[in-house]
Every structure is written in C-alpha cells, then in structure tokens.
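Here is what each chain is made of, one letter per residue.
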Amino acid sequence: MTDGPLFWVLGVSAVVGGVSVFRFDSMARATYALLFSLLCVGGEVMLLGLDYLGVVIVLMMTVEMAVMGVFMIMYMMNPAGLTPMPMLHNRRGATVISLVVLAGLTAGILLVPWPSRRGRPPADATEQLGLSLMGPQMLTMMTLGMALFATIVATVVLATRRGRYDRLGDGLGARHADDPVRGGVGR
Amino acid sequence: MADPGPLWSAALLPALLITAAAATAGLDAVLTAGAARGRAGTVRETASRAAAPVREVVRLLVRQPRRTTAMDVTLLRIGVVLLPTTAVLAAAVLPLGFRAVGDPDIGVVWFNALEALAWAAVWLTGWASNSALALIGGYRFLAQGLAYELPHMFALTTAALGAGSLRVGGVVDAQAGLWFVVWMPVAFVVYLVSAMAMAFWGPFDQPVGRDVSGGAGAELSGADRVLFFGGRWLLLVVAAAVGVPLFLGGGHGPWLPGWAWVLVKTAAVLAVLVRVRHLVPAVRMDRYTEIAWLVLTPLTVLQALVVAVVVLGR
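As the structure is a computational prediction, the values presented were derived from the model and not from experiment. (Residues numbered from 1 in each chain as written. Chains lettered and ligands numbered in written order. Predicted model: local features only at pLDDT ≥ 70, side-chain atom pairs only at ≥ 80, totals over all residues. Heavy atoms only, no water.)

> In this structure, what is going on with the overall build of chain B? I would like to understand it.
Within chain B one finds 12 helices and 0 strands. Walking chain B from its N terminus toward its C terminus, one meets helices and strands in the order α-α-α-α-α-α-α-α-α-α-α-α. By the compact-globule yardstick of 20 Å for 314 residues, chain B fits well, its C-alpha radius of gyration being 20 Å. Counting only contacts in chain B whose residues sit at least 6 apart along the sequence, the fraction spanning at least 24 positions is 77%. Of the side chains in chain B, 22 bear a positive and 16 a negative charge, and the two mean positions are spaced by 10 Å. (Helix = DSSP H or I, 4+ residues; strand = E, 2+ residues; numbered from the N terminus. Rg over C-alpha atoms; globule rule 2.2 N^0.38 Å. Contact = heavy atoms within 4.5 Å. Lys, Arg positive; Asp, Glu negative; His and termini not counted. Charge placed at Lys NZ, Arg CZ, Asp CG, Glu CD.)

> Help me understand the packing of helix H5 (residues 107–128) of chain B against helix H10 (residues 222–247) of chain B, please; the structure alone is not making it clear to me.
Relative orientation and spacing of two packed helices are given, respectively, by the angle between their axes and the distance between those axes. Residue and element names in this part refer to chain B. Put simply, H5 and H10 touch, their axes get as near as 12 Å, and they point 160 degrees apart. The orientation of H5 relative to H10 falls into the category roughly antiparallel. Seen along the crossing, H5 lies across H10 with a hand that is left-handed. For the pair H5 and H10, contact is made by Val 108, Phe 111, Ala 118, Val 122 and Thr 125 and by Phe 228, Leu 235, Val 238, Ala 239, Val 242 and Leu 246, respectively. Residues that form the contact of H5 with H10 fall into these classes: 10 nonpolar, 1 polar and no charged. (Axes fitted to C-alpha atoms, helices over the stretch in contact; angles between N-to-C directions. Parallel < 35°, antiparallel > 145°, perpendicular 65-115°, else oblique. Left-handed = near helix turned anticlockwise from the far one by under 90°. Nonpolar A, V, L, I, M, F, W, Y, C, P; charged D, E, K, R; others polar.)

> Could you clarify how one ought to interpret helix H11 (residues 258–279) of chain B in this entry?
Each α-helix winds once per 3.6 residues, and so residues spaced three or four apart point in a common direction. Residue and element names in this part refer to chain B. Over its 22 residues, H11 runs 32 Å from end to end, which matches the ideal 32 Å to within 8%, given 1.5 Å per residue. Among the residues making up H11, those that are buried are Gly 258, Ala 260, Trp 261, Val 262, Lys 265, Thr 266, Val 269, Leu 270, Leu 273, Val 274 and Val 276. In this structure, the buried residues of H11 make contact with helix H1 (7–37), helix H9 (185–198) and H10. (Expected span 1.5 Å × (residues − 1). Buried < 20%, exposed > 50% of the residue type's maximum accessible area, 1.4 Å probe, protein only.)

> Help me out: how do you make sense of the packing of aromatic side chains in this one?
We describe a pair of aromatic rings using the distance from one ring centre to the other and the angle between the two ring planes. Residues and elements named next belong to chain B. Following the criterion strictly, the structure yields 14 aromatic pairs over all chains and no others. Look at Phe 141 and Phe 200: their rings are 5.0 Å apart centre to centre, the planes differ by 65 degrees, and that puts the pair in the edge-to-face class. Residue Phe 141 is found in helix H6 (residues 132–163), and its partner Phe 200 is found in the loop between H9 and H10; the two are separated by 59 residues along the sequence. When its relative accessible area of 0% is taken as the criterion, Phe 141 is described as buried. Its relative accessible area of 0% is what places Phe 200 among the buried residues. Aromatic side chains Phe 200 and Phe 228 sit 6.1 Å apart centroid to centroid with 40 degrees between the ring planes, which places their arrangement in the tilted category. Here Phe 200 is found in the loop between H9 and H10, whereas its partner Phe 228 is found in helix H10, with 28 residues between them in sequence. For the residue pair Phe 200 and Phe 228, the accessibility class agrees, reading buried in each case. (Phe/Tyr/Trp six-rings, centres within 6.5 Å; stacked < 30°, edge-to-face > 60°.)

> What is the right way to look at the interface of chain B and chain A in this model?
It is common to give the size of an interface as the accessible area lost on bringing the parts into contact. Each side of the interface is counted separately: chain B has 29 residues, and chain A has 31 residues. Together chain B and chain A conceal approximately 2,600 Å² of surface at their shared face, both sides included; 75% is due to carbon and sulfur atoms. Among the residues chain B hides against chain A, the three largest losses belong to Trp 127, Tyr 139 and Glu 290 of chain B. Together they make up 20% of the total. Counting across the chain B and chain A interface gives 1 salt bridge. Measuring nitrogen to oxygen at the nearest pair gives 2.6 Å for the salt bridge that ties Arg 29 of chain A to Asp 72 of chain B. The interface formed by chain B and chain A contains 2 residue pairs in polar contact (both at pLDDT 80 or more). If you list the elements that add at least two residues to the side of chain B that touches chain A, you get helix H4 (73–90), H5, H6 and helix H12 (285–313) of chain B. Looking at which element gives the most residues to the side of chain B that touches chain A, the answer is H5 of chain B, with 11 residues. Within the side of chain B that touches chain A, the residues separate by chemical class into 21 nonpolar, 3 polar and 5 charged. (Buried area = accessible area lost by both parts, 1.4 Å probe. Salt bridge = Lys/Arg side-chain N within 4 Å of Asp/Glu carboxyl O. Polar contact = N/O pair within 3.5 Å; in protein donor to acceptor, adjacent residues only side chain to side chain.)

Written out as structure tokens, the structure is:
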C-alpha cells in the first residue's frame, strides 16, 4: 500500500542525487550526493523484498563512498577541499557514451521478455540467497574470493615503497623489522 | 519485518535512549569531577555534578552560535543531524525484553550499516567546518575505522552464526539456555572494544581528541554541538545496548521481567565502558592498528570457526 509511493519517492530521489553529482563543484558534496543516490537504490532493493541485499548495499556503499571521498579529496583538490572543481570532463564523449548506455538499457527493459513469477516467494529470502550463492555456486564464490584477495595483496605490494627486504635486510634474517614506526605487538 | 512492536514504541524509543544517554553522561561527569576535585561530600553535591551535562546543553543552546568562514553549512547540518539519527535508527532493532520497534530478518546487518553511516556523519562534520583541526579529526575517524570495522564485523557475525539467524530476536531466542558470552568470550570482548571505537569513545576518542583541540567537533557551537556530542552519547548507549541481545542473553534471566533484565544488563555494560575511559589512557592508533590486524582479526576468525564447528556438530 505504501510501497507504490515509496518506490517513486526513492526512484526520483536516486535520480536527483545522481544528477546533482554533476551539478556540484565540491568533491565532498558530489561524493555524498552519489552516496545518497546509492542509499535510495538500496531502499528500492529492500522494497523488492530483498532486505539483506538492500541493507548490504547501504552498508557497503556507505563505507565505500566514505573512504573514496577521503582519497578523492586528498588527491584531487587542496587538502581542505575548498577549491571548487567542476565534475564534468570530456563533455562530448561523455554525452555520447551516456546516451548510448541509456538507449541500450531502455531497449533492454522494453525488449527483454520478462518472466512472470512462478511459485511463491520464499519465507526467508536471505536464507534462499545464501543457499543459492553458497550451494551450487560455492566454487565460483571461492575463486572470486581468492581473486579479489590476490588483487588486494598485489595492489598493496605495488603501492608500498618499502618491501620486506627493506624491513628485514637482504637475507630477510633480521630479528626485528626496521620500521619507522614500531607496531603494537612488539615486533 | 516480523512482529513489529506497537507504534507508540517507536515514539518512546528516542526518549528512552536520550534518558539513558543523559544518565551515562551524568555518571561520566561524576567520575570526571571526582578525579579532578575529590569525592563528592554530600548527595546534593553528587547530584549537582551528575547534572553537569544537562547544564552544558542549556548553556550551549542559549549562547550565541559561532561560525567559521566559508563553512559548508549544508554538509555540516547533514553530518550533525545524521549522527543522532543513525544512533536512533540503529536502536530500532533493539529488543527491550523480547519486542523491538522492528525486528527485521536482517537486524544485525541493519545495525552494522547504520554504524557505518555514523562514520560518514563524523567525516562530514569535520570537513564542513572548514578548519584544519576539525578536518584532521574527520579523517582520523575514517582512517582508524578501517582497523576496527573488520574485527567488529566478525564479532557480529559470530553471534549471528551461533544463533543461525541475522534477526536480533532470533539471536536472543537462541540464548534461552546459555548466554553467548559463555562460549564466545573473544567475540564479546572484541565487540565491546570495537563498540567503544565505533562511538569514538574512551581510549578511542582521537577523532575528537585533545591533541587536535576537539577534532571533528572543534568548531561546533550551539545546537550543532548538542546534536553532535549528544549523538555520540546515543551511539555509545546503542552500541552497549546491542551487546546485550547479541551476547548477554537479552531479556533472559530469572525473577525479573525481560525488559528489566535488558535495562540492568545495558546499565552494567555502560558502566563498564564509562569506567574504561577513566582507567585506560588513549590508545595509540599506530599500535592499535597492528594489534587489530595481527591479533584481533585472527582471534575473531578463530572464534567464528569454533562457533561454526559447534553449530555444525549439533
């Protein structure tokens, strides 16, 4: 009963948030406009009855945008982030790309034969989701996890200036790592 | 949502939380004054010391507010209002006894998601003030948050795993016989530590620390300051209160009704957290980060493994 109006409120808010990302000239405002838009998307997913996915979108996007905002402002503007900076770059190319993507998505919505619901929704959608991800797709998930983890480690290895040879000497034989700041576990 | 509480409980919740926050702040004020000026001689003096936070709120509300140059007022307001809002919304899944305002299937994740929104609130407040020290405070919270979020999530996961349910009510039901704290002590301790850190409280108060003259909240005055620091107290109360249904059996206990047990247990956890601030000095984050990654995270993973094996063996 309230789902219909709520759908539209969240949908329109998400679009408004997305548009304002490109209207703001402050990186902080743009970042949090994007977060607002993504939170509305999370709300839409919850309206579909997928509570877990919706809340996870809220959780992950919040952390992600918060961390991303920090790095964007740190690297792209003066540290206080007060120099205005337009969010629009490569206007012509971006317009063409976004129009093509929009046309593609709209065509997809209109042309795909959407299946009608068979059976009834499960009593616990979260459990169903877990079973279908972790049951037959377990191998995929584990491969995915390892690939993500390897990417993180590789990124850190590439980004860090001091390697373990710097910390532990040429033979890696030092008893204590030569760190500028000693860690908390007394190594 | 299954079996949500009556509508009036939603109206009651903020009032209850604010009362609890004021009581906690009062206890903290008594301990602070006691440390600075010696024990209070009379009951009247103790009461006067306990009322200090209330006096402070009134003082802030009647004083002329202060503005920094070129502050981003919109973002500041969003940040300052978001902090208490997330705390109250996170408490919506908190069962007082055995009924919560809302008991969704995914209550544990909901609580965690709103805690993460509080990060955004602190950063927004620090950034929007247009002041270097406030900015440093905001940055600190996010940078440090990454070190305590992972053990925190594992601790939450462990409780949900033990109950086989992400519903807070389900976690409480699973503790009818044995409280989770008995067979998940590591998860409980890590939860308490990271709950303090999430509320940037006690040894983890660097985002609003003295070395950056108050950090994220340095430039706040008037109602903004009341909302921000009031929101911090609310967050502390909620973080402590959620530990009760997750690890301390919620409303389960002899003699007293469920809601009374929840209040008693929450008060006990809060008293511990307040005492910790007065007993433990500020943690150096460069040390804590290494402890979090090398000690707490593996320990919580092991704890989750033990719980998983027990659950599978049933």
